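Each chain, written out:
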Protein chains: 2
Amino acid sequence: MAAWWEEIVAAVSTSGPGGSSGTVVSICVFTAVLCLCLVAGHLLEENKWVNESITALIIGCIVGAFIFLLSKGRNSHILRFDEQLFFIYVLPPIIFNAGFQVKKKQFFHNFLTIMSFGVVGVFISVAIVSAGCHWLFPKVGFGKLDAVDYLALGTIFSSTDTVCTLQVISQDETPRLYSLVFGEGVVNDATSVVLFNAIKNLDINRLKRGVVLKVIADFLYLFATSTILGATIGLATAYVLKALYFGRHSTDREVALMALMAYLSYMLAELLSLSGILTVFFCGIVMSHYAWHNVTESSRITTRHIFATLSFIAETFIFLYVGMDALDIDKWKTSQASFKTSIGIFGIIISLVLLGRAAFVFPLSILSNFMSGNSEKAPITFKHQVVIWWAGLMRGAVSIALAYNQFTFSGVTLDPVHAAVITTTIVVVFFTTLVFGFLTRPLISAMLPQQRHREGTGGHITSSNSPKDEFILPFLSDENAPGSESGINQAKRSISMLLERPVHMVHIHWRKFDDKFMRPIFGGPLSY
Amino acid sequence: MAAWWEEIVAAVSTSGPGGSSGTVVSICVFTAVLCLCLVAGHLLEENKWVNESITALIIGCIVGAFIFLLSKGRNSHILRFDEQLFFIYVLPPIIFNAGFQVKKKQFFHNFLTIMSFGVVGVFISVAIVSAGCHWLFPKVGFGKLDAVDYLALGTIFSSTDTVCTLQVISQDETPRLYSLVFGEGVVNDATSVVLFNAIKNLDINRLKRGVVLKVIADFLYLFATSTILGATIGLATAYVLKALYFGRHSTDREVALMALMAYLSYMLAELLSLSGILTVFFCGIVMSHYAWHNVTESSRITTRHIFATLSFIAETFIFLYVGMDALDIDKWKTSQASFKTSIGIFGIIISLVLLGRAAFVFPLSILSNFMSGNSEKAPITFKHQVVIWWAGLMRGAVSIALAYNQFTFSGVTLDPVHAAVITTTIVVVFFTTLVFGFLTRPLISAMLPQQRHREGTGGHITSSNSPKDEFILPFLSDENAPGSESGINQAKRSISMLLERPVHMVHIHWRKFDDKFMRPIFGGPLSY
């Protein structure tokens, strides 16, 4: 007994990558604690206040405290935070699964609104948080950051974590709301990471004029190329699976091919300096639309569950890690900010987060309602707007990863200002996840009291979340909604028609094209 | 285009762990080549000569050659061989899957024979190979190795790779043969690794007397404790899944818990300095016997396929890696052995491998036949003995990993003798996998011509390889086989009875115990 205990203590005391025994200990502890989180999360499933993220955070904290005591105050974690680990291994399964499981019908139906939230919204939020920090930080005696650092801060605190809210909103009862929150979450992640990279590469001193335009142009280019790459790899997978008929021999090979190709799409995008997140997201969408239909029944069940499982483990891992990292004494020591300054920074950031999000959710929702006019879509009610606003208040793993990327070197920083930013980020993630997270269920119960009726567009939403649903339903319906409108409504309707009609036509033509050319080549049943 | 191409070239040229871009490139290339292997393996499935391992080896070689040209002769691989990577990430899924998918009925029915092949056989083979190398190496002018090195060489070349043969033998047509080859393969892996570690820790100078006894005692201790640990973790998982009824909420959580607990068993065994391989193997057996019955139908399908897929990817990865590593020019340069000496060493090892295996397969088979006497088991025919002998001639990833572990430091060696051992190991793995591998299908076709009748014990073997089969069948059957025996046969039968009866009784009592106490607590249907 003594031997392995000493090994653990030794591994804990040395920290860092360490030798072989250190790795074994880290993996052991992490796996054991992950199992614990699984069981605890399961037992607390019905609980009104906590959720998966909170459980993992708290367990991580407790384990961190144990390690802290065990190492006699030297450190609290057994793995250094490694953004590479995060961006190469942990993030891809989460995003791929999001694309693979997304209800494509709802997603594309609300495409414009989701994009306005996920892209325009992030730009607005970044502007507000950056400007706010730049203006307010000196007032609490904390102001030695570059312009790029402020922009990075804006991006870091504009990336949201919607997992918490998605666990509470019912996809069946409020499909449109669910789709908006979910879609925004994914697009927001991608936008934050892409924008962050664009800002990091920005030479703020040389290029004064046209900076914003350049960032936007870069962003659009990245968005387009990443999407095309993801779709191409997804289609290639579908074609190979269909043409070679893998199921004839082996289900395992089908599953392996899908998983490997998905991962390849992410890594290839990173290699080509594109956005891996967007690529793997669209690869997931295309795979569930085509490739998924070309495999055996066993493979369909396996892929659906395995991607969800991997994503689930990855998410738990992140929160666990953040929990363990919170007690990392080195950073707290390095940060020389006084308690008053720390509280000041924290208060400023929380206020800016609340404000920055309100500044785009409500205006953009109203705009979206106005554009939709009296068309077939139900408007986004004020209560839904509050839920959307709330859903994006939590800050999560992406914030942490971006902060480490910008303000540390391999997880270590010796600069007190940077250390203060890191510790503040950790505190903000903790606070938003714990406090806002605790309030999510009660808030949503108050906002959305047991809506047993179906809202949104189709009305045919089934309770199964199988990708199969996608093609059973017509892509758009109720297009000839009867209306007896007032003058203003008619005017609004005309404006909305101008915008909606092309989208609608794109949908219809796409369906026809899909049925005529894509489905026969890449697989899957016809929709008409 | 130029940018990423330069990145690849740069990553290839620097080799080693490298920076972030190097990792991205390595992962990209590996993932892409793995996909290629999958497709190629699928297309060659019906081919009479090649198999998965050979395809991966050859593709690895070709990619290695490309990298070699690209880096202008500097190196041929983009990842250093890392035994840690192998033992921590690649081996566990393979062994766990073996335990999870093994036909427990056949495995335990042939338990004594499998153990005699997998344990006694390895000891015999190690003795012959070690002694042979010690005697013959100086005769080809190569003799600067320690006694421990010779013993390590014996272990390295006694670990077999039966994947190749298992792809050819039909589990339905010759269940006993399949079970023997499969069981021996797993036990052999475990024995080799355990024995290797025992030998590495041996202080050959201090401890002259009782060394063999000490090694055997260590081995038995490790075997017993590892098995108990694996079974305990498997039972704990089954109990948690049953008691908490995870399926109520989430299939993903069930799958995640099973996978994580399996991995935990391996890492925990490593942490406690036990045999991770044995632990995770028995954990797999116990999980498929109990835990698998406590989860939802989707989880059953998912787990069955996902473990097989992971194992499949891991195996392909290994052969791909070995293929790429074969052209690593550094090792060939470091090894200063002349061409004649190299050929000599290679010839000696191949001969010893052939001899060492023959020295236990045939005698132990005859012993097993004699012991079984006229009992219910069909004897191991001479043709089957040849197949068993042949099945274990291939050397694979375990040999490579052990050789790197003993003769290099993190994949690098500057000692010419050690480099020569490494290159010889690579050549032996190549030769046995390619040449013996190519001959496997034809040989087995000659030895086992289309046996459409069922052989072996139960006679009820179904073609499905679902773990479900296990409990449909009675554990032992035909126990009252009618016999009209000669005197000698009666004597043989009496001897065999002395040995078989206790095993048989253990089985029956175990089944009763299982039904009465284990099944109600840990889950799964009753057998009677």
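Just so it is clear, the model here is predicted, and its values are computed rather than measured.

Attention now goes to the overall build of chain A. When helices and strands are tallied, chain A shows 20 helices and zero strands. In chain A, the proportion of contacts linking residues at least 24 apart, taken out of those at least 6 apart, comes to 83%.

When the parts of a complex come together, some accessible area is lost, and that lost area is often used as the size of the interface. On the side of chain A, 46 residues touch chain B, which itself brings 46 residues to the contact. When contributions to the side of chain B that touches chain A are tallied by element, the ones reaching two or more residues are helix 1 (2-14), helix 2 (20-43), helix 4 (83-101), helix 10 (211-244), helix 11 (251-271) and helix 13 (297-325) of chain B. The element contributing the most residues to the side of chain B that touches chain A is helix 11 of chain B, with 14 residues.

Turning next to the relation of the copies chain B and chain A. With an RMSD of 0.0 Å, chain B superimposes on chain A once it is rotated by 180° and translated 0.0 Å along the axis. Both chain copies can therefore be described as sitting about a two-fold axis. Relative to the rotation axis, the C-alpha of B:Thr302 is the closest in chain B, positioned 2.2 Å from it. Interface overlap between copies is the fraction of interface residues in one copy that are interface residues in the other; for chain B against chain A it reaches 100%, indicating a shared surface.

Before going further, it helps to spend a moment on the confidence of the model for chain A. Residue and element names in this part refer to chain A. When pLDDT is averaged across chain A, the result is 78; 78% of the residues are at 70 or more. Per-residue pLDDT, averaged within each element of chain A, yields its smallest value for helix 19 (residues 469-472) (36) and its largest for helix 11 (residues 251-271) (91). Here residues 12-19 is a poorly scored stretch, pLDDT under 50, and it has 12 contacts once near neighbours within four places are set aside; other chains count. Across residues 452-485, confidence stays below pLDDT 50; counting only partners more than four residues off in sequence or on other chains, it has 48 contacts. In the predicted assembly, ipTM is 0.80 and pTM is 0.81.

Residue and element names in this part refer to chain A. For the pair helix 6 (residues 111-136) and helix 9 (residues 175-200), the least separation of the axes is 8 Å and the interaxial angle reads 45°. The orientation of helix 6 relative to helix 9 falls into the category oblique. Between helix 6 and helix 9 the crossing geometry is right-handed. Contacts between helix 6 and helix 9 involve Thr-113, Ile-114, Met-115, Phe-117, Gly-118, Val-119, Val-122 and Val-126 from the former and Leu-180, Gly-183, Glu-184, Val-187, Asn-188, Thr-191, Ser-192 and Leu-195 from the latter. Class assignment for the residues of the contact of helix 6 with helix 9 results in nine nonpolar, six polar and one charged.

Glancing now at helix 7 (residues 147-156) of chain B. Of all 10 residues that make up helix 7 of chain B, eight are buried, and the element is covered over most of its length. Looking only at helix 7 of chain B, the buried set comprises B:Asp149, B:Tyr150, B:Leu151, B:Ala152, B:Leu153, B:Gly154, B:Thr155 and B:Ile156.

With that out of the way, let us pick up unusual backbone geometry. All names here are of chain A. Of note, the phi angle at Ser-273 is positive, near 60°, even though the residue is not glycine. Mapped onto the secondary structure, Ser-273 falls in the loop between helix 11 and helix 12 (276-289). On the neighbour-count criterion, Ser-273 (15 C-beta atoms within 10 Å) is partly exposed.

Next up on the list: the environment of A:Leu222. Structurally, A:Leu222 is set in helix 10 (residues 211-244). Residues A:Leu222 and A:Leu195 lie 27 residues apart in sequence; the distance between their C-alpha atoms is 10.0 Å.

Further remarks concern the environment of B:Thr279. Residues and elements named next belong to chain B. Within the secondary structure, Thr-279 is located in helix 12 (residues 276-289). The exposure class of Thr-279 is buried, given the 35 C-beta atoms found within 10 Å. Through-space distance from the C-alpha of Thr-279 to that of Phe-182 is 17 Å; in sequence the pair is 97 residues apart. Other than its neighbours up to four places away in sequence, Thr-279 contacts Ser-226, Leu-229, Gly-230, Ser-265, Tyr-266, Ala-269 and Leu-274.

Right, let's talk about helix 11 of chain A for a bit. Residue and element names in this part refer to chain A. Over its 21 residues, helix 11 runs 30 Å from end to end, which matches the ideal 30 Å to within 8%, given 1.5 Å per residue. Most of helix 11 is tucked away: 21 of the 21 residues are buried. Just beyond helix 11, the residue with positive phi is Ser-273, at close to 60°.

Residues and elements named next belong to chain A. Topologically, Val-50 is positioned in the loop between helix 2 (20-43) and helix 3 (52-70). Taking C-alpha positions, Val-50 is 5.8 Å from Phe-438, a pair spaced 388 residues apart along the chain. Each residue touching Val-50, except ones within four places of it in the same chain, is listed here: Leu-44 and Thr-55.

We now examine the packing of helix 7 (residues 147-156) of chain A against helix 9 of chain A. Any two packed helices are characterised by how steeply their axes cross, that is the angle between the axes, and by the distance between the axes. All names here are of chain A. Look at helix 7 against helix 9: their axes get within 10 Å of each other, and the N-to-C directions meet at 175°. The pairing of helix 7 with helix 9 is recorded here as roughly antiparallel in orientation. In contact with Val-148, Leu-151, Ala-152 and Thr-155 of helix 7, helix 9 contributes Ser-192, Leu-195, Phe-196, Ile-199 and Lys-200. Split into classes, the residues belonging to the contact of helix 7 with helix 9 amount to six nonpolar, two polar and one charged.

Thresholds applied
Residues numbered from 1 in each chain as written. Chains lettered and ligands numbered in written order. Predicted model: local features only at pLDDT ≥ 70, side-chain atom pairs only at ≥ 80, totals over all residues. Helix = DSSP H or I, 4+ residues; strand = E, 2+ residues; numbered from the N terminus. Contact = placed C-beta atoms within 7 Å. Least-squares fit on C-alpha atoms with pLDDT ≥ 70 in both. pLDDT = per-residue confidence, 0-100. Axes fitted to C-alpha atoms, helices over the stretch in contact; angles between N-to-C directions. Parallel < 35°, antiparallel > 145°, perpendicular 65-115°, else oblique. Left-handed = near helix turned anticlockwise from the far one by under 90°. Nonpolar A, V, L, I, M, F, W, Y, C, P; charged D, E, K, R; others polar. Buried ≥ 20, exposed ≤ 12 C-beta atoms within 10 Å, placed from the backbone. Expected span 1.5 Å × (residues − 1).

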